[in-house]
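Working through the structure, step by step
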Amino acid sequence: MYTTTVKVRKNDDSYMKKLLGLLVLWMTFFFISLYLFIKGILIFFFVGLIVFFMIIPIAIYLKKSRPSVAEMFEEKTLTFDAVNGELFKGNMKLSVGRYRGEDRIFLENTYWAKAPRYGGSYMVVNFMGKVEEPYLREFEDFLMKNGIQINDLGENK
């Protein structure tokens, strides 16, 4: 067992709530415009213009309100177990990786799921975190001592 401080990705969906709210507002105006067009009422031109130009301030607002990468992570103290050369957090198996030339180690538990209805696939993220200085060297020693391999994630672009 090893305990260290890890920057863990927050499950904060306030940005998605803003996005969903603005999308519902835009779609409401769109369907009102469509209804007016079908009924043949000429005011639909004005409502259609409003709908068309409404997307610009929505896009600007969403870009400015998006949280930065630093705000997406919070520091937590976690305990890890090493079993047969694999890293576990509780009963969750974690993959360990590092980009070349970076002073941090990424920990994640992800898998690809298949959408049952349409056949597409999407990534499910159960856990995502990173170990940075000043905890990095001791964590690397723990990994090496227990035979856990650090995967090379390539170049960070």
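Treat the numbers as computed from the prediction; the structure is a model and nothing was measured.

With that settled, consider the packing of aromatic side chains. Applying the stated criterion across every chain, the model contains seven aromatic pairs. Each member of the aromatic cluster is reached from another via a ring pair, and the members are Tyr 2, Phe 80, Phe 139 and Phe 142. Cation over ring: Lys 130 sits above Phe 73, and NZ or CZ is 4.3 Å from the ring centre.

Attention shifts here to the pairing of strand β3 (residues 86-89). Where strand β2 (residues 73-83) meets β3, three bridges bridge the pair, whose relative direction is antiparallel. Its bridge partner being in β3, Val 83 is matched across the sheet by Glu 86. Once β2 ends, the chain turns through two residues before running back antiparallel as β3, passing Asn 84 with a positive phi of about 50°. The turn joining β3 and strand β4 (residues 92-98), which pair antiparallel and follow one another in sequence, is formed by two residues; a positive phi near 70° is taken by Gly 90.

Further remarks concern the nonpolar core. With 17 residues, the main nonpolar core has Phe 80, Leu 87, Leu 107, Phe 139 and Leu 143 as its most contacted residues. Where this core is concerned, the elements lending two or more residues are β1 (2-9), β2, β4, β5 (104-114), β6 (121-132) and α3 (136-145). When residues in this core are grouped by element, the largest group, four residues, is from α3. Ignoring any residue separated from it by four or fewer positions in sequence, one finds Phe 80 in contact with Met 1, Tyr 2, Thr 4, Val 6, Leu 87, Phe 88, Lys 89, Leu 94, Leu 107, Phe 139 and Phe 142.

Rules used in this analysis
Residues numbered from 1 in each chain as written. Predicted model: local features only at pLDDT ≥ 70, side-chain atom pairs only at ≥ 80, totals over all residues. Heavy atoms only, no water. Phe/Tyr/Trp six-rings, centres within 6.5 Å; stacked < 30°, edge-to-face > 60°. Lys NZ or Arg CZ within 6 Å of the ring centre and 35° of its normal. Pairing = 2+ DSSP bridges. Helix = DSSP H or I, 4+ residues; strand = E, 2+ residues; numbered from the N terminus. Core = buried A, V, L, I, M, F, W, Y, C linked by side-chain atoms within 4.5 Å. Buried < 20%, exposed > 50% of the residue type's maximum accessible area, 1.4 Å probe, protein only. Contact = heavy atoms within 4.5 Å.

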